[in-house]
Amino acid sequence: MHYLFEKQDSLNNSIECFIFDASKGIFPVRPHWHYFAELIFMLRGSAEMTSDDRTYLVREGDLMIFHPSSVHSIFSTDGSCPLYAVFKFDLLKFPSIVSYAPSSADIFRYARSNNMQIHFDRTVAELIKCRDIFNDCINEINNYQYGVDVMLRSQIYRLIFGIIRQWINAGLNIDECPISANDNYGIENITEYIDSRLEENIRVSDIAEKCHLSYSGFAAKFHEQYGMSCKEYIERMRIFKAEEYLLFTSHDLTFISQQTGFSDCSHFIRSFKKYRGITPKQFRLQKKHSK
């Protein structure tokens, strides 16, 4: 099944939100799978969507869920070109925010094992407020203002738990949901561990140990999954974190370098220029002038 694998740009887009116009994009969408969850809200027309060998007719106003690692495809029903909104995101980055509930990833995994509904018609989609949620997220992506990540995550949480409530109403017993250990990491979710420790002096050898792999085995698997070395991933993620400080705060470069895990301000400036082609100060000035 590896040849059907679609790599996600989890580095640049841990949350993808966009409108897909089949008349302008590559369509039909051939069978493929990825580690992200994918939610589709049909805006216009209809499409035949397949997930793990089951086929669904998704009409305007319907919501469709593709579980992580499910093989799925999208085809036209009548030769027309549907228009639909798409969310792709890593469920592991949406942990439970209450003590009594399993994580979103655990619940989705449990729902899949219990063959819970993944296609919701217009009536249920309206109850979940799908149109409003998708519209709000797309506007956030387009406007990209202060707190964009928090706003996106809040809306996706809203959608996730709207879906979970529907499953509970249909008989899913959350109390019996198996809970994954917090330190159970593999190549597909190790970035969750890395992202939460960017300000620390994290070592690749320690990360490999978390995945129960040798250094060389981990390095090879990480590069295959993410298209770069783990060390480069860490540095790039620190740059993204620094960009948020530069865009949305007035903190100086020394403070930002400390908060993003660089050894010192000079290291931060060199790394930033390496990946962005300009210094952090120039980046901040350009963005301010472009507003």
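Residues numbered from 1 in each chain as written. Predicted model: local features only at pLDDT ≥ 70, side-chain atom pairs only at ≥ 80, totals over all residues. Heavy atoms only, no water.

S.K.: In this structure, what is going on with the nonpolar core? I would like to understand it.
M.R.: Within soluble globular proteins, side chains that are nonpolar generally end up buried alongside one another. Residues L63, F87, F89, L159, I163 and W167 are the most contacted members of the largest nonpolar core, which totals 56 residues. With nine residues, helix α4 (residues 148–169) is the single largest residue contributor to this core. (Core = buried A, V, L, I, M, F, W, Y, C linked by side-chain atoms within 4.5 Å. Buried < 20%, exposed > 50% of the residue type's maximum accessible area, 1.4 Å probe, protein only. Helix = DSSP H or I, 4+ residues; strand = E, 2+ residues; numbered from the N terminus.)

S.K.: Can you walk me through the sheet that holds strand β9 (residues 119–120) in this structure?
M.R.: Strand pairing within a sheet occurs via backbone hydrogen bonds; the two strands may be parallel or antiparallel. Across the sheet, which stays open at both edges, the five strands sit in the order β1-β8-β3-β6-β9 with antiparallel pairing between neighbours. At either margin of the open sheet sits one strand with a lone partner, and together these are β1 (15–21) and β9. Of the strand pairs in this sheet, strand β6 (residues 63–66) and β9 are connected by two bridges, and their pairing is antiparallel. Across the sheet, M64 pairs through a bridge with H119, a residue of β9. (Pairing = 2+ DSSP bridges.)

S.K.: Any chance you could explain the packing of aromatic side chains here in plain terms?
M.R.: Both the distance between ring centres and the angle between the ring planes are used here to describe each pair of aromatic rings. Scanning the entire structure with this criterion turns up 16 aromatic pairs. Among the aromatic side chains, those forming a connected cluster through ring pairs are F89, F94, Y157 and F161. Seen from the ring of F94, R153 lies directly overhead, with NZ or CZ sitting 4.6 Å from the centre. Above the plane of the ring of F240 lies R276, whose end atom (NZ or CZ) is 5.1 Å from the centre. (Phe/Tyr/Trp six-rings, centres within 6.5 Å; stacked < 30°, edge-to-face > 60°. Lys NZ or Arg CZ within 6 Å of the ring centre and 35° of its normal.)

S.K.: How do you make sense of the environment of L213 when you look at a structure like this?
M.R.: In this structure, L213 sits in the loop between α6 (204–210) and α7 (215–226). Sequence spacing of L213 and G186 is 27 residues, and the spatial spacing of their C-alpha atoms is 9.2 Å.

S.K.: Any chance you could explain the sheet that holds strand β7 (residues 72–76) here in plain terms?
M.R.: Strand order in the open sheet formed by four strands is β2-β7-β4-β5, with antiparallel pairing between adjacent strands. At either margin of the open sheet sits one strand with a lone partner, and together these are β2 (29–32) and β5 (54–58). With direction set aside, neighbouring strand axes in the sheet form an average angle of 20 degrees. Strand direction decides the pairing type here: β2 and β7, joined by two bridges, are antiparallel. In the strand pairing of β7, H32 is matched with H72. (Axes fitted to C-alpha atoms, helices over the stretch in contact; angles between N-to-C directions.)

S.K.: Just checking my understanding: could you explain the environment of S73 for this structure?
M.R.: Residue position: S73 is located in strand β7. Distance in space between the C-alpha atoms of S73 and E232 is 33 Å, their sequence separation being 159 residues. Look past the residues within four positions of S73 in its chain and what remains in contact with it is V29, R30, P31, E48, M49, T50 and F66. (Contact = heavy atoms within 4.5 Å.)

S.K.: Got a minute to help me understand helix α3 (residues 130–143) in this structure?
M.R.: For an α-helix, the turn length of 3.6 residues means that residues three or four places apart are oriented alike. In a regular helix each residue adds 1.5 Å, so 14 residues correspond to 20 Å; α3 covers 20 Å between its end C-alpha atoms and thus fits that length. All of the buried residues in α3 are C130, I133, F134, C137 and I138. All buried residues of α3 lie within an arc of 125 degrees about the axis, which places them on one face of the element. Facing away from the buried side of α3 by more than 90 degrees, the exposed set consists of N142 and N143. (Expected span 1.5 Å × (residues − 1). Arc of directions from axis to C-beta.)

S.K.: What exactly am I supposed to notice about the packing of helix α8 (residues 230–248) against helix α10 (residues 265–276) here?
M.R.: How two helices pack is summed up by the angle between their axes together with the distance between the axes. Between α8 and α10, the shortest axis-to-axis distance is 10 Å and the interhelical angle comes to 100 degrees. As judged from the angle between their axes, α8 and α10 are roughly perpendicular. Contact residues: α8 offers E232, E235, R236, I239, F240, A242, E243 and L246, while α10 offers H267, F268, S271, F272, K274, Y275 and R276. (Parallel < 35°, antiparallel > 145°, perpendicular 65-115°, else oblique.)

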